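An overview of the molecular structure
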Amino acid sequence: MGPLKTFSDCSKNDLIVITGAGGFIAGALARYFHDRGFTRIRAVDKKPLPDWYQVVPRVESLCLDVSEEANCRRVCEGAVEVYNLAADMGGMGFIERFRIQCLRSILINTHLIEAAYRAGARRYFFSSSACAYNTELQKDPNCRALRETDAYPAMAERGYGWEKLMSEMFCQEYWAERGMKTFIARFHNVYGPHGTWDGGREKAPAAICRKVIEAKDRGAGDIDIWGTGKQTRSFMYIDDCTEGIDRIMHCDELIATPINLGSSELIAINDLVTLAEEIGGVKLRRAYDLNAPQGVVGRNSDNTMIKKILGWEPTTPFRKGLVQTYAWIAQQYEDRKAGHRTVHDTM
Ligand code: NAD
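Rules used in this analysis
Residues numbered from 1 in each chain as written. Predicted model: local features only at pLDDT ≥ 70, side-chain atom pairs only at ≥ 80, totals over all residues. Heavy atoms only, no water. Axes fitted to C-alpha atoms, helices over the stretch in contact; angles between N-to-C directions. Helix = DSSP H or I, 4+ residues; strand = E, 2+ residues; numbered from the N terminus. Parallel < 35°, antiparallel > 145°, perpendicular 65-115°, else oblique. Left-handed = near helix turned anticlockwise from the far one by under 90°. Contact = heavy atoms within 4.5 Å. Near = heavy atom within 4 Å. Polar contact = N/O pair within 3.5 Å; in protein donor to acceptor, adjacent residues only side chain to side chain. Areas by Shrake-Rupley, 256 points an atom, 1.4 Å probe, with all protein chains shown as cover. Nonpolar A, V, L, I, M, F, W, Y, C, P; charged D, E, K, R; others polar. 1 Å grid on protein atoms, 1.4 Å probe; cavity = no way out; pocket = protein on both sides within 12 Å on 5 of 7 lines; lining within 4 Å. Points joined across faces, edges and corners; volume = space filled by probe spheres on them. Buried < 20%, exposed > 50% of the residue type's maximum accessible area, 1.4 Å probe, protein only. Domains from an automatic or database assignment. Buried area = accessible area lost by both parts, 1.4 Å probe. Salt bridge = Lys/Arg side-chain N within 4 Å of Asp/Glu carboxyl O.

1. Concerning the packing of helix H7 (residues 204-218) against helix H9 (residues 269-280)
Two elements in contact, H7 and H9, have axes separated by 9 Å at closest approach and are oriented at 45°. The orientation of H7 relative to H9 falls into the category oblique. As for how H7 packs across H9, the hand of that crossing is right-handed. Facing H7, whose interface residues are Ala204, Pro205, Ile208, Val212 and Lys216, H9 presents Ile269, Leu272, Val273, Ala276, Glu277 and Gly280.

2. Digging into the packing of helix H5 (residues 106-118) against helix H6 (residues 160-178)
Packing of H5 against H6 leaves a shortest axis separation of 9 Å and a crossing angle of 15°. Here H5 lies roughly parallel to H6, going by the angle between them. Here the hand of the crossing between H5 and H6 comes out right-handed. Note on element contacts: H6 touches H5 through Glu163, Met166, Ser167, Phe170, Cys171, Tyr174 and Arg178, opposite Ile106, Asn109, Thr110, Ile113, Glu114 and Tyr117.

3. Structural notes on the environment of Arg122
Position of Arg122 relative to the elements: it lies in the loop between H5 and strand S5 (123-129). Sequence spacing of Arg122 and Gly321 is 199 residues, and the spatial spacing of their C-alpha atoms is 34 Å. If sequence neighbours within four positions are ignored, Arg122 has contacts with Asp9, Cys10, Asp14, Val80 and Lys181.

4. Concerning the site of the ligand
Near the ligand there are 27 residues, and of these Ile25, Asp45, Asp65, Tyr160 and Val190 occur at the shortest range. Between the ligand and Gly23, the relevant distance is 3.2 Å, taken from an oxygen atom to a main-chain nitrogen or oxygen of the residue. Ser127 is positioned such that a nitrogen or oxygen atom in its side chain is 2.9 Å from an oxygen atom of the ligand. Its free accessible area being 810 Å², the ligand has 95% of it covered by the protein chains. The set of elements that each furnish at least two residues to the shell around the ligand consists of helix H1 (24-35), S5 and H6. A total of 3 residues in the shell around the ligand trace back to one element, the largest contributor, which is S5. Looking at the shell around the ligand residue by residue, the classes come out as 13 nonpolar, 8 polar and 6 charged.

5. Brief notes about the layout of surface pockets
If you add up the space inside the second largest pocket, you get close to 250 Å³. Lining the second largest pocket we find Ala28, Arg31, Tyr32, Asp35, Arg36, Gln54, Pro193, His194, Tyr237, Ile238, Asp239 and Thr242. Mapped by element, the contributors of at least two residues to the lining of the second largest pocket are H1 and helix H8 (238-249). Residues belonging to the lining of the second largest pocket are distributed by class as follows: 5 nonpolar, 3 polar and 4 charged.

6. Some thoughts on unusual backbone geometry
The omega angle of the peptide bond from Tyr152 to Pro153 is 0°, so this bond is cis rather than trans. With respect to the helices and strands, the residue Pro153 is situated in the loop between S5 and H6. Non-glycine residue Arg58 carries a positive phi angle of around 60°. With respect to the secondary-structure elements, Arg58 resides in the loop between strand S2 (41-45) and strand S3 (60-63). Its relative accessible area of 69% is what places Arg58 among the exposed residues.

7. What to know about the domain arrangement of the protein chain
Here the protein chain is partitioned into domain 1 (16-191 + 236-261) and domain 2 (204-233 + 266-300 + 318-337). Counting residues at the interface gives 18 residues for domain 1 and 19 residues for domain 2. Carbon and sulfur atoms supply 61% of the area buried between domain 1 and domain 2, which totals about 1500 Å² over both sides. For the domain 1 face of the interface with domain 2, the top three residues by lost area are Gln138, Pro141 and Tyr191, together amounting to 39%. Applying the counting rule to domain 1 against domain 2 returns 1 salt bridge. Where Glu157 meets Arg299, a salt bridge forms, and the shortest distance between an N and an O atom there is 3.3 Å.

Structure representation (structure tokens):
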């Protein structure tokens, strides 16, 4: 097997800064660039090191809060590329309840982009979200997939979505006014091994896998589901996400241009439960909690633009990705039961 492919035009010794690297996606991104031979990666997160989901060997790992200006300056020193994936976020249960916390992530991007600019970084990446889209367009489970132009006129998800929209605008203006190359991907639900699976911030695929595993373990016959189960979403496997970030960041046609990074395979939550049951080899009675947070009714990613510009889109079939995710969560669950510490025990 030859060396793993990257789309980067950097030298392997250029300094790459990745914030939020104690979390799910940025942790995987640090590993992605490490595996492709980059020798100077600076991973940053405010969590103490033992709580990071992945600590990648030979990567400089800093525990710093990047909502503070001075820390951003320190973090960006010498950076050639900066990837901002730090945010206070979680699944629907978190973002509907903690809107102020989500909004305060505006401080992270505000200070980090300025520090990256002052440090002379060549490229800057911002992880936006499908939550930036107009919620009026997401009221039907069979809604049409969201195109990049659907963010305006704006009616983003309260709190979290507005923060993303505003931070996107910062990125666009740093290009327009100051000529720094910025890149903006709107992620649609990312899932996979090393993601949050417990504690209140987890998203639907991990939450459903965990509930099936728990039900099996306890010999319980039922499962509770948030909402009607008819809500639809698309889910992107983590490996597609890291490759997509690399491709987007290194495509000059996409400078300062928000683009969807998501799967276009639409899944109803009920079908997600059925899949997880099949993987776990059980059949459970479903109890629907209509008072639980459930977010928009339907959301999918229109991939016309990414296919046209990059000639690529996320393609991991949901079933395949869920098998991997289920197996990883089942192992975490077993480890915890056996008394071994898992990273989620501290959350
Ligand atoms: P995550 O919660 O696993 O990781 C985010 C990390 O950022 C955490 O480890 C957290 O400690 C860190 N962080 C928060 N505030 C910080 C600060 N002030 N200083 C330093 N570190 C800080 O989340 P994730 O799923 O890996 O998401 C990464 C990015 O992708 C976020 O910007 C998120 O909004 C975006 N996103 C994720 C999804 C998804 O489905 N996971 C969907 C859309 C957008």
